[in-house]
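# Chains, contacts and geometry: an overview
Below, each chain spelled out in residue letters.
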Amino acid sequence: MTGYYDLILGLIPLALIGVTGAVSAAGLSMTAAVPVGATVSVLLIGHALFVNGPVGSAPESTSTTPSPQINSAD
């Protein structure tokens, strides 16, 4: 099954090459088209890291009462 991060990993090079090629075909020089494609790729990476970031589940505690800790000088 293809997940969100699998799609992101596929879209990063696709965006870099596809957007660069489309902007270059639209008339911009390759020197200007590469940063545009790279910006789109960086935005995809930023979205995957910070907007929809990987979050692990927090471990659930089985005990609801806190156990007392005894500090002794011995």
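Now for a description of the structure that goes with this document. The shown structure was predicted, so the numbers you read here are calculated from the model rather than taken from an experiment.

By the definition in use, this model includes 1 aromatic pair. Measuring from ring centre to ring centre gives 5.0 Å for Tyr 4 and Tyr 5, while their planes differ by 80 degrees; the resulting arrangement is edge-to-face. Judged by relative accessible area, Tyr 5 falls into the partly exposed class, the value being 34%.

Before going further, it helps to examine helix 2 (residues 30-51). Taking 1.5 Å of rise per residue, 22 residues should cover 32 Å, and helix 2 covers 30 Å from first to last C-alpha, within 8% of that figure. Elements that come into contact with the buried residues of helix 2 comprise helix 1 (4-25).

This paragraph deals with a nonpolar patch on the surface. Residues Ile 45, Leu 49, Phe 50 and Val 51 make up a contiguous nonpolar surface patch of roughly 450 Å² in combined accessible area. Looking at where Ile 45 falls in the secondary structure, it is placed in helix 2.

Calculation criteria
- Residues numbered from 1 in each chain as written.
- Predicted model: local features only at pLDDT ≥ 70, side-chain atom pairs only at ≥ 80, totals over all residues.
- Heavy atoms only, no water.
- Phe/Tyr/Trp six-rings, centres within 6.5 Å; stacked < 30°, edge-to-face > 60°.
- Buried < 20%, exposed > 50% of the residue type's maximum accessible area, 1.4 Å probe, protein only.
- Helix = DSSP H or I, 4+ residues; strand = E, 2+ residues; numbered from the N terminus.
- Expected span 1.5 Å × (residues − 1).
- Contact = heavy atoms within 4.5 Å.
- Patch = residues over 30% accessible without salt bridge, like charges linked within 9 Å, V, L, I, M, F, W, Y side chains within 5 Å.
- Areas by Shrake-Rupley, 256 points an atom, 1.4 Å probe, with all protein chains shown as cover.
- Salt bridge = Lys/Arg side-chain N within 4 Å of Asp/Glu carboxyl O.

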